[in-house]
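One-letter residues, chain by chain:
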Amino acid sequence: MNTLRYIFSVTVGLATLGLAGAALAQDNVTGTKHDLTLVANTVHQTSTAQICVFCHTPHAASLTAQPLWNRDASVPAYQMYNSTWSSTIDMTVAGTPQGVSLACLSCHDGTVALDAFHNAPGSGGGVAGTDVSEGYTWVGTDVGNVFPAASFAMLDVDLRNDHPISVTYDTAADTAFNAPVAGRVGGLPLYGASANQVECGTCHNPHNATNGTFLRISNAGSALCTTCHIK
């Protein structure tokens, strides 16, 4: 009997690991719009074959963003989508983007060169806290190697025409939303120290483009929207 229990527990354990491995395998930046080595992308560079370096570094990373962020956060004054812009928002919106949203905006607000690294590939040479523009050869960028203004993904620093971010997800303040469970709403994660903040990463997974535009789940039938919104 003990042998059977052992075999059962090992089998279940291996099956669980297999499922976890399958889930992890779904994340793959290679071949997506975030693969800046891919010449088929409208925006790409021809100076390095390294993919991860444009966001992450194992050493000399930024101290203002995580995890192991290879870029400084942008520092402009943002115009937030909040109650001064829309009377329909009952939840609290931070005065400036927070957390993972700042990481996304360090490319997508168009104010920082895409090759402004803390630490360059190979032997590096970056200094923690100081971005060093590598002067890479780019295709599709604007002057200064910044994200092109003509791109739909260039959000600018005026965020009033985008879904609000850095919002405290509070269903007591607005009952037209589904309640979170353990820092998640359906399949969507919340962020921040209290795991209650809606950020860019709530709807987007930058490492997985399976659903198009890096959405975490399919929006067929507005499923992404109705994960949070009760409509």
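Calculation rules
- Residues numbered from 1 in each chain as written.
- Predicted model: local features only at pLDDT ≥ 70, side-chain atom pairs only at ≥ 80, totals over all residues.
- Heavy atoms only, no water.
- Helix = DSSP H or I, 4+ residues; strand = E, 2+ residues; numbered from the N terminus.
- Buried < 20%, exposed > 50% of the residue type's maximum accessible area, 1.4 Å probe, protein only.
- Contact = heavy atoms within 4.5 Å.
- Salt bridge = Lys/Arg side-chain N within 4 Å of Asp/Glu carboxyl O.
- Phe/Tyr/Trp six-rings, centres within 6.5 Å; stacked < 30°, edge-to-face > 60°.
- Lys NZ or Arg CZ within 6 Å of the ring centre and 35° of its normal.
- pLDDT = per-residue confidence, 0-100.
- Core = buried A, V, L, I, M, F, W, Y, C linked by side-chain atoms within 4.5 Å.
- Disulfide = S-S within 2.5 Å.

**Student:** Hey, could you go over the overall build of the chain for me, with residue numbers and the actual values?
**Tutor:** Each helix and strand counted, the chain has four helices and eight strands in total. Each helix (α) and strand (β) of the chain, taken in turn from the N terminus, gives the series α-β-α-β-β-β-β-β-β-β-α-α. Looking at the chain as a whole, 34% of its 231 residues are labelled buried. For the chain, long-range pairs separated by at least 24 residues make up 59% of all intrachain contacts whose partners lie at least 6 apart in sequence.

**Student:** Before we move on, could you go through the pattern of salt bridges and cite the residues and values that matter?
**Tutor:** Across all of its chains, the model carries one salt bridge by this definition. Between Asp158 and Arg160 there is a salt bridge, with its nearest N and O atoms 2.8 Å apart. Using a relative accessible area of 25% as the deciding quantity, one classes Arg160 as partly exposed.

**Student:** Account for the packing of aromatic side chains, with residues named and values stated.
**Tutor:** This model, assessed by the stated rule, comprises five aromatic pairs. The interplanar angle of 85 degrees and the centroid separation of 5.8 Å between the aromatic rings of Tyr169 and Phe177 together place this pair among those described as edge-to-face. Residue classification places Tyr169 among the buried residues on the basis of a relative accessible area of 7%. Under the relative-accessibility criterion, Phe177 is labelled buried at 17%. Here the aromatic residues Phe54, Phe117, Tyr136 and Trp138 are joined through ring pairs into a cluster of three or more. Its guanidinium or amino end placed over the ring of Trp85, Arg160 lies 4.5 Å from that ring's centre, counting from NZ or CZ.

**Student:** Outline the confidence of the model for the chain, supporting the account with residue identities and numerical values.
**Tutor:** Confidence in the prediction of the chain, expressed as mean pLDDT, is 86, and 85% of residues score 70 or more. Low confidence marks residues 1-25, where pLDDT is under 50. Its contacts with residues over four positions away, or in another chain, come to zero contacts.

**Student:** Quick one: what's the story with the nonpolar core, residue by residue and with numbers?
**Tutor:** Grouped together as the largest cluster of nonpolar side chains are 21 residues, with contacts concentrated most on Tyr78, Met80, Leu159, Ile165, Tyr169 and Cys228. Breaking this core down by element, the ones donating at least two residues are helix 2 (99-108) and helix 4 (223-228). Every residue in contact with Leu159, bar those within four places of it in the chain, is listed here: Tyr78, Gln79, Met80, Tyr81, Pro97, Leu105 and Ile165. With 11 residues, the next largest nonpolar core counts Val53, Cys107, Trp138 and Met154 among its residues.

**Student:** Give a description of unusual backbone geometry that names residues and reports values.
**Tutor:** Notably, Thr213 is not glycine yet its phi reads approximately 45 degrees, a positive angle. Note on placement: Thr213 falls in the loop between helix 3 (200-203) and helix 4. Since its relative accessible area comes to 59%, Thr213 is described here as exposed. For Ser222, which is not a glycine, the phi torsion comes out positive at approximately 60 degrees. Tracing the backbone shows Ser222 in the loop between helix 3 and helix 4.

**Student:** An account of the environment of Asp35 is requested, with residue identities and associated values reported.
**Tutor:** Relative to the helices and strands, Asp35 is located in the loop between helix 1 (2-25) and strand 1 (44-45). Judged by its relative accessible area of 3%, Asp35 is buried. Taking the C-alpha atoms as reference points, Asp35 and Ala49, separated by 14 residues in sequence, lie 9.6 Å from one another. Filtering out sequence-adjacent residues up to four positions away, Asp35 remains in contact with Val29, Thr30, Asn41 and Ile51.

**Student:** Describe the environment of Ile165, with residues and values.
**Tutor:** Here Ile165 shows up in the loop between strand 4 (138-139) and strand 5 (167-168). As a C-alpha pair, Ile165 and Ser101 span 64 residues in sequence and 7.4 Å in three-dimensional space.

**Student:** Just give me the short version of the side chain of Thr141, but keep the residues and values in it.
**Tutor:** Following the sequence through the fold, Thr141 ends up in the loop between strand 4 and strand 5. Here Thr141 falls in the buried class, since its relative accessible area comes to 18%. In contact with Thr141, other than residues within four places in its own chain, are Val43, Leu114, Val146 and Pro148.

**Student:** Would you mind going over the state of the cysteines in detail, with residue names and values included?
**Tutor:** Enumeration over the complete set of coordinates arrives at zero disulfides. The thiol of Cys104 is unpaired, and the distance to the nearest cysteine sulfur, on Cys200, comes to 4.4 Å.

**Student:** Quick one: what's the story with the environment of Gln45, residue by residue and with numbers?
**Tutor:** Structurally, Gln45 is set in strand 1. Sequence spacing of Gln45 and Tyr136 is 91 residues, and the spatial spacing of their C-alpha atoms is 6.8 Å. In contact with Gln45, not counting residues within four places along its chain, are Leu36, Thr37, Phe54, Tyr136, Thr137 and Trp138.

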